[in-house]
Amino acid sequence: MTQSRQAKNSEGCLSLIFKLFGLFGDEDTATSLPYRRRDSILTAPEREFYLVLLKALEDKAMVIPKVGLQDVFFITDKEKYQTARNRIAQRHVDFLICENHTLRPLFAIELDDRSHNEATHQKRDAFKNLVFEAALLPLIRVPVKHKFDVDALQKLLTPHFDQAEKTDVPPVCPNHKIPMVRKTARHGDFKGKDFWSCPNYPTCKELINIE
Ligand SMILES: [Zn+2]
């Protein structure tokens, strides 16, 4: 077998493998594929809000639009991993506000348009709210308006900034080697006091009191 013949054979083999996995067909060329660049990754109302948001933040933080929830959250429970992962797959948040250099998430903003009043949307929104609550990441819902106001937005965001500054880096559970979550005691001698708890509570009883 000549070298070129060999090369052709292995090429054929490779493209067969690609075809099996649906990576590309023989007929694909850049011009035949139906993908074109959007004028913006944001819709017109999103873009309008984004510009006001940039002004309101005054370079204090980075705005990242349309972030997948899988990139924002990690999953603490190994047994529920796949289910938990599937529940946030294909979901995103409109704007994630991150610390400038570390890109540590500080809080997130959802622009709520009229579709959010529909029942299916409300159910999805409620689940998303819970995901953010579980991870102690504030999610601010802003109704879409014709005109966004820089001052009003600043007033809305400032408390969340202050809160994010105060949020410490969580300690790691000595048993599970995963970040602990901050909770507030609801009753007992320590009522109202904050403490760190293992995400696997009540299976894991590890806790660290916060002074
Ligand atoms: Zn633990």
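Residues numbered from 1 in each chain as written. Predicted model: local features only at pLDDT ≥ 70, side-chain atom pairs only at ≥ 80, totals over all residues. Heavy atoms only, no water.

**Concerning the coordination of the zinc ion**
Argument step 1. Of the protein atoms, only Cys173 (SG), His176 (ND1), Cys198 (SG) and Cys204 (SG) coordinate the zinc ion, at distances of 2.1 to 2.3 Å.
Argument step 2. Bound by 4 donor atoms, the zinc ion shows angles of 104 to 114 degrees at the metal and therefore tetrahedral coordination geometry. (Donors = N, O, S within 2.8 Å, 3.2 Å for Na, K, Ca; no water. Tetrahedral: all angles 85-135°; square planar, octahedral: opposite > 155°, others 65-115°.)

**Focus on the confidence of the model for the protein chain**
Argument step 1. In the predicted model, the protein chain carries a mean pLDDT of 85, and the fraction of residues at 70 or more is 84%.
Argument step 2. For the protein chain, helix 1 (residues 3-20) is the element with the lowest average pLDDT, namely 55, and strand 1 (residues 61-68) is the one with the highest, namely 97.
Argument step 3. Here residues 1-5 scores under 50 on pLDDT; set against residues more than four positions off or in separate chains, the count is 2 contacts. (pLDDT = per-residue confidence, 0-100. Helix = DSSP H or I, 4+ residues; strand = E, 2+ residues; numbered from the N terminus. Contact = heavy atoms within 4.5 Å.)

**With respect to the nonpolar core**
Argument step 1. If you look at the biggest cluster of nonpolar residues, it comprises 20 residues, and the most contacted ones within it are Phe49, Leu53, Phe95, Ile97, Phe107, Ile109 and Leu157.
Argument step 2. Sorting the residues of this core by element identifies helix 2 (44-57), strand 1, strand 2 (92-99), strand 3 (105-112), strand 4 (139-143) and helix 6 (150-166) as the ones contributing at least two each.
Argument step 3. With 5 residues, helix 2 is the single largest residue contributor to this core.
Argument step 4. Not counting the four nearest positions on each side in its chain, Leu53 is found in contact with Val63, Phe95, Ile97, Ile109, Leu153 and Leu157.
Argument step 5. With 14 residues, the next largest nonpolar core counts Val67, Val72, Ala108 and Leu137 among its residues. (Core = buried A, V, L, I, M, F, W, Y, C linked by side-chain atoms within 4.5 Å. Buried < 20%, exposed > 50% of the residue type's maximum accessible area, 1.4 Å probe, protein only.)

**Considering the packing of aromatic side chains**
Argument step 1. Across all of its chains, the model carries 5 aromatic pairs by this definition.
Argument step 2. A ring pair is formed by Phe49 and Phe95, whose centres lie 5.4 Å apart and whose planes are at 50 degrees; its orientation type is tilted. Residue Phe49 is located in helix 2, and its partner Phe95 is located in strand 2; the two are separated by 46 residues in the primary sequence.
Argument step 3. Judged by relative accessible area, Phe95 falls into the buried class, the value being 0%.
Argument step 4. A connected cluster of aromatic rings, assembled from ring pairs, spans Phe49, Tyr50, Phe95 and Phe148.
Argument step 5. Between the NZ or CZ atom of Arg182 and the centre of the ring of Trp196, over which it lies, the distance is 5.8 Å. (Phe/Tyr/Trp six-rings, centres within 6.5 Å; stacked < 30°, edge-to-face > 60°. Lys NZ or Arg CZ within 6 Å of the ring centre and 35° of its normal.)

**Concerning the pattern of salt bridges**
Argument step 1. Under the definition given, this model contains 7 salt bridges.
Argument step 2. In this structure, Glu46 and Lys66 form a salt bridge, with 3.4 Å as the shortest nitrogen-oxygen distance. With Glu46 in helix 2 and Lys66 in strand 1, this residue pair connects regions lying 20 residues apart in the sequence.
Argument step 3. Between Arg141 and Glu110 there is a salt bridge whose closest N-O contact spans 4.0 Å. Here Glu110 lies in strand 3 and Arg141 lies in strand 4, a separation of 31 residues in the sequence.
Argument step 4. Given a relative accessible area of 3%, Glu110 falls into the buried group.
Argument step 5. Salt bridges linked by common partners bring Glu110, Asp112, Asp125, Lys128 and Arg141 together as one network. (Salt bridge = Lys/Arg side-chain N within 4 Å of Asp/Glu carboxyl O.)

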